[in-house]
Amino acid sequence: MWNYGYEEDAVMNLRDSLRGRVRGQNRWGLFIDLQLDEEEECVPVFGFWTGPVQAGTEVVCSIKRWAKDHKDILVTIDSVIYESGMEQAA
């Protein structure tokens, strides 16, 4: 098991599947706030993704690689839940 060093006793393992919310996007991928528990503790991560996704959209990610130097934790994006971040048209 790996203690990622942010706070308390939250522990993650490689290949764990966790939910997160998209913070932003560039042409290579998505910047995500990964939710570790129900208390809204979040960790910044990055995942490669080519399609357009709005900020606030919910995603399901698997941890691929731990943070290095000045880079975020790398994740693979398993699923994008488009309805969660989109507003319904009138």
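This structure is a prediction, so every number in the text was calculated from the model and none was measured. (Residues numbered from 1 in each chain as written. Predicted model: local features only at pLDDT ≥ 70, side-chain atom pairs only at ≥ 80, totals over all residues. Heavy atoms only, no water.)

Description of the packing of aromatic side chains
A full pass over the atoms with the stated rule returns two aromatic pairs. Relative to phenylalanine 46, the ring of phenylalanine 31 has its centre 5.1 Å away and its plane inclined at 55°; by these criteria the two rings are tilted. Taken together, the positions of phenylalanine 31 in strand S2 (residues 29–35) and phenylalanine 46 in strand S3 (residues 42–48) put the pair 15 residues apart, joining distant regions of the chain. Centroid distance phenylalanine 46 to phenylalanine 48: 5.2 Å. Interplanar angle 85°. Geometry classified as edge-to-face. In this structure an aromatic cluster arises from ring pairing among Phe31, Phe46 and Phe48. (Phe/Tyr/Trp six-rings, centres within 6.5 Å; stacked < 30°, edge-to-face > 60°. Helix = DSSP H or I, 4+ residues; strand = E, 2+ residues; numbered from the N terminus.)

Overview of the confidence of the model for the protein
Model confidence for the protein is summarised by a mean pLDDT of 79, while 73% of its residues fall at 70 or above. Within the protein, the element-level pLDDT minimum falls on helix H1 (residues 82–85), averaging 63, and the maximum on S2, averaging 91. (pLDDT = per-residue confidence, 0-100.)

A look at the nonpolar core
One finds Ile32, Val45, Val59, Cys61, Ile73, Val75 and Ile77 to be the most contacted residues of the largest nonpolar core, which totals 16 residues. Per element, the largest residue contribution to this core is four residues, and it comes from strand S5 (residues 73–81). Other than its neighbours up to four places away in sequence, valine 45 contacts Arg23, Leu30, Phe31, Ile32, Leu34, Asp72, Ile73 and Val75. (Core = buried A, V, L, I, M, F, W, Y, C linked by side-chain atoms within 4.5 Å. Buried < 20%, exposed > 50% of the residue type's maximum accessible area, 1.4 Å probe, protein only. Contact = heavy atoms within 4.5 Å.)

Observations regarding the pairing of strand S4 (residues 58–65)
As judged from the five bridges shared by strand S1 (residues 17–25) and S4, these two strands associate in the antiparallel manner. Bridge pairing in S4 places leucine 18 opposite cysteine 61. Where S4 meets S5, seven bridges bridge the pair, whose relative direction is antiparallel. Bridging across to S5, cysteine 61 finds its partner in isoleucine 77. (Pairing = 2+ DSSP bridges.)

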